[in-house]
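# Structural characterization, general
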Amino acid sequence: MALQQPFPDLDEIITSIGAGGDRVAAIDASEGAAGNISVCVGWPMEVRRRFPIIEEIQLPQPAPHLADHIVIVTGSGRRLREIQVDPAANLGVVRISSDGTAGTLHTAPTRLSERVTSEWNSHIAVHDDTVERTGTNFHAIVHAQPPRLTYLSHIPEYADEAYLNRRLLRWEPETIVNLPAGIGFLPFMLPGSAALMTANVVSLRTHRIVLWAKHGVMARSSISVKRAVDRIEYAETGASYEYMDLLNGGRAEGLTVDELRAVVAAFDVDTTLV
Ligand SMILES: [Zn+2]
């Protein structure tokens, strides 16, 4: 999977990050400065006109497959809902060196943050792994903190990937169509830690979205920021129904296994979940 020419330009990509941030805020998944977004681009792009301040940085870990790539990323402590108001002030652009160990951080004179997101290590690791595995020239990652998914991750029964997916995929036919591999699940790990980074990479190899217990989610897409945000919405909507049903004493039937199998057959969904 790779984008074809004509490629989106820098303005279109930063506009899409702003729109994605706005949508994540609209579903209450980014209180305060929670959440972060990055887009990795494999084609050449002029960024100095919008982001003229230049600073050399070390990457948190080598990213050999991102050599000469560009990563547009939210600044540390910035609010996702404010990106679209002033993208240049809230974003930075990192041009990765040709050995994949360092980068040049480009920022705007109006920047509101001097560093990139605190989850930078997870973003870089997932971009690097996906580019290596799939050869994509475009990859978007969104971290958000949707409250119902996160709440369910605090309930021990749901801290089991098979159970979690059985419960969340049973509410709407389109959930399994859009999340054919379901939702990955990781036990609680410290935000920004090497352990979370490593486990996250492994889970996002087979899933398009992963739930970090007691924290939030990370979703990815090789097509658009919007598509990654959609995945968060589909998963959070499943969690909303599940939460409603818990409050209502579990009275709903939900889609049966036979009904889900009929959806999978009708829409030719490549899944092993039902
Ligand atoms: Zn977070």
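Residues numbered from 1 in each chain as written. Predicted model: local features only at pLDDT ≥ 70, side-chain atom pairs only at ≥ 80, totals over all residues. Heavy atoms only, no water.

### A few points about empty space enclosed by the protein
Evaluated as defined, the whole model comprises 1 cavity of 30 Å³ or more. There is about 70 Å³ of room inside the largest cavity. Taken together, 14 residues make up the lining of the largest cavity; nearest its centre are Gly75, Leu91, Gly92, Thr107 and Ser113. The set of elements that each furnish at least two residues to the lining of the largest cavity consists of α2 (87–90), β4 (91–96) and β5 (102–107). Here the lining of the largest cavity takes 3 residues from α2, the largest share from any one element. Residue classes in the lining of the largest cavity are distributed as 6 nonpolar, 5 polar and 3 charged. (1 Å grid on protein atoms, 1.4 Å probe; cavity = no way out; pocket = protein on both sides within 12 Å on 5 of 7 lines; lining within 4 Å. Points joined across faces, edges and corners; volume = space filled by probe spheres on them. Helix = DSSP H or I, 4+ residues; strand = E, 2+ residues; numbered from the N terminus. Nonpolar A, V, L, I, M, F, W, Y, C, P; charged D, E, K, R; others polar.)

### A short note on the coordination of the zinc ion
Taken together, the protein ligands of the zinc ion are His143 (NE2), Gln145 (OE1) and His215 (NE2), with distances of 2.1 Å. Each donor residue of the zinc ion belongs to the same chain, with the gaps between them written as H-x1-Q-x69-H. Assigned by exposure class, His143 and Gln145 land together as buried. (Donors = N, O, S within 2.8 Å, 3.2 Å for Na, K, Ca; no water. Buried < 20%, exposed > 50% of the residue type's maximum accessible area, 1.4 Å probe, protein only.)

### Looking at the nonpolar core
Ile17 and Ile72 are the most contacted members of the largest nonpolar core, which has 48 residues in total. Counting residues per element, this core draws most heavily on helix α8 (residues 225–247), at 6 residues. When sequence neighbours within four positions are dropped, the list of residues in contact with Ile17 reads Ile37, Val39, Ile72, Ile83, Leu91 and Val225. With 14 residues, the next largest nonpolar core counts Cys40, Ile57, Trp120 and Val131 among its residues. (Core = buried A, V, L, I, M, F, W, Y, C linked by side-chain atoms within 4.5 Å. Contact = heavy atoms within 4.5 Å.)

### Concerning unusual backbone geometry
Between Gln5 and the following residue, Pro6, the backbone shows a cis peptide bond with an omega angle of 0 degrees. Tracing the backbone shows Pro6 in the segment before α1 (10–26). You will see that Asp68, though not glycine, has its phi angle at about 65 degrees, which is positive. Turning to its location among the elements, Asp68 is positioned in the loop between β2 (53–58) and β3 (70–74). The backbone of Lys214 sits at a positive phi, close to 60 degrees, despite the residue not being glycine. Here Lys214 lies in the loop between β8 (209–212) and β9 (216–221). The class for Lys214 is partly exposed, based on a relative accessible area of 47%.

### Let's talk about the packing of aromatic side chains
By the definition in use, this model includes 5 aromatic pairs. Aromatic pair Trp43 and Phe138: ring centres 6.5 Å apart, planes at 15 degrees, arrangement stacked. Of the two residues, Trp43 sits in the loop between β1 (36–41) and β2 while Phe138 sits in strand β6 (residues 138–144), which places them 95 residues apart along the sequence. The two residues Trp43 and Phe138 agree in class, both being buried. Grouped by ring-pair contacts, the aromatic residues Phe7, Trp43 and Phe138 constitute a single cluster. (Phe/Tyr/Trp six-rings, centres within 6.5 Å; stacked < 30°, edge-to-face > 60°.)

### Structural notes on the pairing of β4
Counting buried positions over the 6 residues of β4 gives 5, a clear majority of the element. Note: β3 against β4, 5 bridges, orientation antiparallel. Along β4, the bridge assignment pairs Val73 with Gly92. Taken together, the 4 bridges between β4 and β5 define a ladder with antiparallel strand orientation. Following the sheet pairing, Val94 is matched in β5 by Leu105. The antiparallel pairing of β4 with β5 creates a hairpin that spans 5 residues between the two strands, and Gly100 there sits at a positive phi of about 70 degrees. (Pairing = 2+ DSSP bridges.)

Read these as layout, nothing more, since geometry by itself doesn't imply function.
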